[in-house]
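Now for the letters of each chain:
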Amino acid sequence: MRASPLAAFQARARRCFESRQPQLCEQALIEAEVLQQQASARSAYPCQTLLLGVQADLVMQQLRAGRGAEAIADLQAATRCCAGF
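Residues numbered from 1 in each chain as written. Predicted model: local features only at pLDDT ≥ 70, side-chain atom pairs only at ≥ 80, totals over all residues. Heavy atoms only, no water.

Visitor: Would you mind showing me how to read the overall build of the chain here?
Guide: Secondary structure summary: the chain contains four helices and zero strands in total. Based on the C-alpha atoms only, the size of the chain along its principal axes is roughly 35 × 30 × 20 Å. Among the 85 residues that make up the chain, the fraction classed as buried is 33%. Across the chain, every contact between residues at least 6 apart in sequence was considered, and the portion connecting residues at least 24 apart equals 66%. Here the chain displays about 5,000 Å² of accessible surface, and carbon together with sulfur accounts for 55% of that area. Of the charged side chains in the chain, 9 are positive and 7 negative, and the gap between their average positions amounts to 5 Å. (Helix = DSSP H or I, 4+ residues; strand = E, 2+ residues; numbered from the N terminus. Buried < 20%, exposed > 50% of the residue type's maximum accessible area, 1.4 Å probe, protein only. Contact = heavy atoms within 4.5 Å. Areas by Shrake-Rupley, 256 points an atom, 1.4 Å probe, with all protein chains shown as cover. Lys, Arg positive; Asp, Glu negative; His and termini not counted. Charge placed at Lys NZ, Arg CZ, Asp CG, Glu CD.)

This is the structure in structure tokens:
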């Protein structure tokens, strides 16, 4: 059984935040963009907004200015709000 796109994104983003591997962060950023565009197309604006916040966290992580626990909390909030994607 394959993980949902949201679950796969969540796992990759978490690994990005914890390991600081640029390639993981880049892939997570691309996945977040796809998910937030899907949320927009479905008029799921709270989900889209939270995903945009996670995208900002991923960019900050790439710039080596990560937000640590706050970024993980943002990711968890987005995952809860966007359940079903």
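Visitor: Honestly, the nonpolar core in this entry has me stumped. Any pointers?
Guide: Considering soluble globular proteins, one finds that nonpolar side chains tend to be buried as a cluster. With 21 residues, the main nonpolar core has Phe9, Ala13, Phe17, Leu51, Val54, Leu58 and Phe85 as its most contacted residues. Elements that contribute at least two residues to this core include exactly helix H1 (5-19), helix H2 (22-41), helix H3 (45-62) and helix H4 (69-81). (Core = buried A, V, L, I, M, F, W, Y, C linked by side-chain atoms within 4.5 Å.)

Functional significance is not addressed by these values, which are geometric in nature.
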